[in-house]
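Coordinates in review
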Amino acid sequence: MSEQHQNLAIIGHVDHGKSTLVGRLLYETGSVPEHVIEQHREEAEEKGKGGFEFAYVMDNLAEERERGVTIDIAHQEFSTDEYDFTIVDCPGHRDFVKNMITGASQADNAVLVVAADDGVAPQTQEHVFLARTLGIDELIIGINKMDVVDYKEDTYNDVVEEVTQLLKQVQFDTDDASFIPISAFEGDNIAEASDNTPWYDGEILLEALNALPEPEPPTDASLRLPIQDVYTISGIGTVPVGRIETGVMNVGDDVVFQPSDVGGEVKTIEMHHEEVPKAEPGDNVGFNVRGIGKDDIRRGDVCGPADDPPKVAETFQAQVVVMQHPSVITAGYTPVFHAHTSQVACTIESIDKKMDPSSGEVAEENPDFIQSGDAAVVTIRPQKPLSIEPSSEIPELGSFAIRDMGQTIAAGKVLEVNEK
Ligand code: GDP
């Protein structure tokens, strides 16, 4: 067990082996829930099988998932020598993109799974785009299902080349990416170097996970606590709840809620049904503020210090990446923006610059439109007050997803906020 914590995203195209890899990591690190192992051990004994095979554990996890009991690959935890990892979310989960952006599950680093027999596929591209836009620091790329391609070095090299091109296209620094030939199913190069890949002498997956840089705890930044819900609890009064993204909240602090623009003194903070004197980033808290009633604040408000209040944008400039849009996006387009716990219709007021994805240079000033695959700098006007921060100052509150027609069409990060 270690002290340091990492939120890890497992990304990649459907069926490339994300769930299997998570199962494998849980299994190899001894993190499969005890009752699952126990149950399996009994079954294996009944069937007269010695030892217990990974496939059975996976079956068991899958079965539990179907029964909707507890197992779900998102939110699974495992520990390596260096870190306690939480799998924050996995694409394929319908809300992945949204969660990733709303900070409900901000990942520090990610493992990209690419099946060796399939190579770069549409969701590989989409997730790499997102990882880049949302500031994933380091990417470990597991070229999976090596068993299916007979552990061929040539095939591995081809896929590595294909992924490298993709990373360059989205300007992901390839120095921050490491490639590993793996089989999640057979266990090659996960916890032990595999005899099946004698041509590979790099890090195995657990080593690469251990070597990830330590995430910096955002305690130094100002308090930012996006409100998820507001309850009325008898004996206490109005209790907003949410997760602290940055900074610290102490009993006695003077706080404000923006954009509702009300504030007061923090009277109590509760966490896990216990009163605490202070709370830190990552803590899910319910708290009570003197003089604040249930109708004064709402989901989507951000709580911060009275002397350094959350910003409210009249307009903001952002860098966006268009992931999928059936036609073109022009000025005047007004989709719904999802930022932290807030959902607000916003108008794209102007498209200021289109960027060349391969060089990062400005490709065109004031283009008439942008479309799928384009990266651009745009100016945005929220149709209702929206609290949002420049990504350079508070990255946790500086990114958003743009949704329309039931899907995420773009993601972005805030460059500059023009306050009211
Ligand atoms: P996900 O959609 O990315 O989560 O993919 P899954 O983990 O559900 O895997 C999809 C299919 O590929 C399943 O049938 C797995 O058993 C299989 N699979 C995953 N990893 C491997 C691997 O390393 N080798 C082989 N042969 N099959 C694999």
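In this text the structure is predicted, and so the values were computed from the model without any measurement. (Residues numbered from 1 in each chain as written. Predicted model: local features only at pLDDT ≥ 70, side-chain atom pairs only at ≥ 80, totals over all residues. Heavy atoms only, no water.)

What about the site of the ligand?
Here is the rule we go by: One heavy atom suffices: a residue is near a molecule or strand as soon as one of its heavy atoms comes within 4 Å of it. In protein, a polar contact means a hydrogen-donor-capable atom and an acceptor-capable atom, both N or O and within 3.5 Å, with residues adjacent in sequence counting only if both atoms are side-chain atoms; elsewhere, any N or O pair within 3.5 Å suffices. Values of accessible area rely on a 1.4 Å probe in the Shrake-Rupley scheme; residue burial ignores everything except the protein chains shown. Secondary structure elements are taken from DSSP: a helix is a run of H or I of four residues or more, a strand is a run of E of two residues or more, and numbering for both begins at the N terminus. Three residue categories are used. Nonpolar comprises Ala, Val, Leu, Ile, Met, Phe, Trp, Tyr, Cys and Pro, charged comprises Asp, Glu, Lys and Arg, and polar comprises the others, including Gly.
Contacts to the ligand come from 15 residues, most closely from D15, K18, S19, T20 and D147. Between the ligand and D15 there is a distance of 2.7 Å, counted from an oxygen atom to a backbone nitrogen or oxygen. Coverage of the ligand by the protein amounts to 72% of the 580 Å² it exposes when considered alone. With three residues, the single largest contributor to the shell around the ligand is helix α1 (residues 18-28). Residue classes in the shell around the ligand are distributed as four nonpolar, seven polar and four charged.

Some thoughts on helix α6 (residues 153-169)
Selection criterion: By this rule, a helix spans an expected 1.5 Å times one less than how many residues it contains. Remark: exposure states derive from per-residue accessible area (1.4 Å probe, protein chains only) relative to the maximum for the residue type, with buried under 20%, exposed over 50%, and partly exposed in between. Regarding the arc, it is the one traced by the directions from the helix axis to the C-beta atoms.
In this model α6 runs 24 Å from its N-terminal to its C-terminal C-alpha over 17 residues, within 8% of the 24 Å that 1.5 Å per residue would give. Buried within α6 are the following residues: Y156, V159, V160, V163, T164, L166 and L167. Summarising the axial view, the buried residues of α6 lie within an arc of 160°, below the 170-degree limit, and thus occupy one face. Those residues of α6 that are exposed and aimed more than 90 degrees away from the buried face are D154 and D158. With its phi angle positive at about 60°, Q171 sits one or two positions after the end of α6.

Re the packing of aromatic side chains
This is how the line gets drawn: A pair of aromatic rings is counted whenever rings of Phe, Tyr or Trp (Trp by its six-membered ring) have centres within 6.5 Å, and the orientation is called stacked for planes under 30 degrees apart, edge-to-face for over 60 and tilted otherwise.
In the structure shown here, the tally under the stated rule is eight aromatic pairs. Relative to Y200, the ring of Y156 has its centre 6.3 Å away and its plane inclined at 75°; by these criteria the two rings are edge-to-face. With Y156 in helix α6 and Y200 in the loop between β6 (177-181) and α7 (205-210), the pair connects residues that are 44 residues apart, well separated along the chain. Judged by relative accessible area, which is 6%, Y156 ranks as buried. With a centroid separation of 5.2 Å and 35° between ring planes, the pair formed by F337 and F400 is classed as tilted. Placement of F337 in strand β17 (residues 336-339) and of F400 in strand β22 (residues 399-404) is noted, with a sequence separation of 63 residues between them. Assessed through its relative accessible area of 2%, F337 is described here as buried.

As for the side chain of Q258
Rules: Any pair of residues with heavy atoms lying within 4.5 Å of one another is described as a contacting pair.
Position of Q258 relative to the elements: it lies in strand β10 (residues 254-258). Classification of Q258 as buried rests on a relative accessible area of 10%. Reaching out from Q258, the side chain makes a polar contact with the side chain of D261 at a distance of 3.0 Å. With residues near it in sequence (within four places) discarded, Q258 still touches G300, D301, V302, P310, V312 and S387.

With respect to the UniProt feature "binding site: Mg(2+)" (unreviewed entry) in the chain
Where we set the bar: UniProt positions are given in the numbering used here, feature names are shortened, and annotations may be inferred rather than shown by experiment.
Taken from the UniProt record, the annotation "binding site: Mg(2+)" (unreviewed entry) applies to S19. On the secondary structure map, S19 appears in helix α1.

A few points about the nonpolar core
Our working rule: To qualify as a nonpolar core, a set must consist of buried Ala, Val, Leu, Ile, Met, Phe, Trp, Tyr and Cys residues joined through side-chain atoms within 4.5 Å. All domain edges in this entry derive from an automatic or database-based domain assignment.
Counting 57 residues, the largest nonpolar core has L8, L21, I141, I143, V163, L167 and L209 as the members making the most contacts within it. Sort the elements by how many residues they give to this core and α6 lands first, with six residues. Three or more residues apiece are contributed to this core by two domains, here domain 1 (4-211) and domain 3 (312-419). If we skip the residues at most four places from it in the chain, L209 touches L8, L25, F78, Y83, F85, V111 and I140.

Details of the side chain of S391
As for its position among the elements, S391 is in the loop between β21 (386-387) and β22. Classification of S391 by relative accessible area gives buried; the value is 17%.

Points about the pattern of salt bridges
Condition: Salt bridges are counted wherever a side-chain nitrogen of Lys or Arg sits within 4 Å of a carboxyl oxygen of Asp or Glu.
Going through the model one piece at a time under the given rule, you end up with eleven salt bridges. In this structure, E28 and R24 form a salt bridge, with 2.6 Å as the shortest nitrogen-oxygen distance. A residue pair is termed a helical-turn pair when its members lie 3 or 4 positions apart in one helix, as E28 and R24 do in helix α1 at four residues. Its relative accessible area of 31% is what places E28 among the partly exposed residues. We classify R24 as buried; its relative accessible area is 5%. Residue R290 pairs with E265 through a salt bridge whose shortest N-O separation is 3.9 Å. Here E265 lies in strand β11 (residues 262-271) and R290 lies in the loop between β14 (284-289) and β15 (302-305), a separation of 25 residues in the sequence. Each member of the salt-bridge network shares a partner with another, and the members are R224, D308, K311, E389 and E393.

Examining a negative patch on the surface
What counts here: Patch membership requires more than 30% relative accessible area and the absence of a salt bridge. Residues of like charge join within 9 Å; the nonpolar side chains Val, Leu, Ile, Met, Phe, Trp and Tyr join within 5 Å. For the purpose of charge, His is not counted, nor are the chain termini; Lys and Arg are scored as positive and Asp and Glu as negative. Note on charges: their place is set at NZ of Lys, CZ of Arg, CG of Asp or CD of Glu.
Together, D117, D118, E153, D154, D158, E161 and E162 give the surface a local cluster of negative charge. Looking at where E162 falls in the secondary structure, it is placed in helix α6. The exposure class of E162 is partly exposed, given its relative accessible area of 36%.

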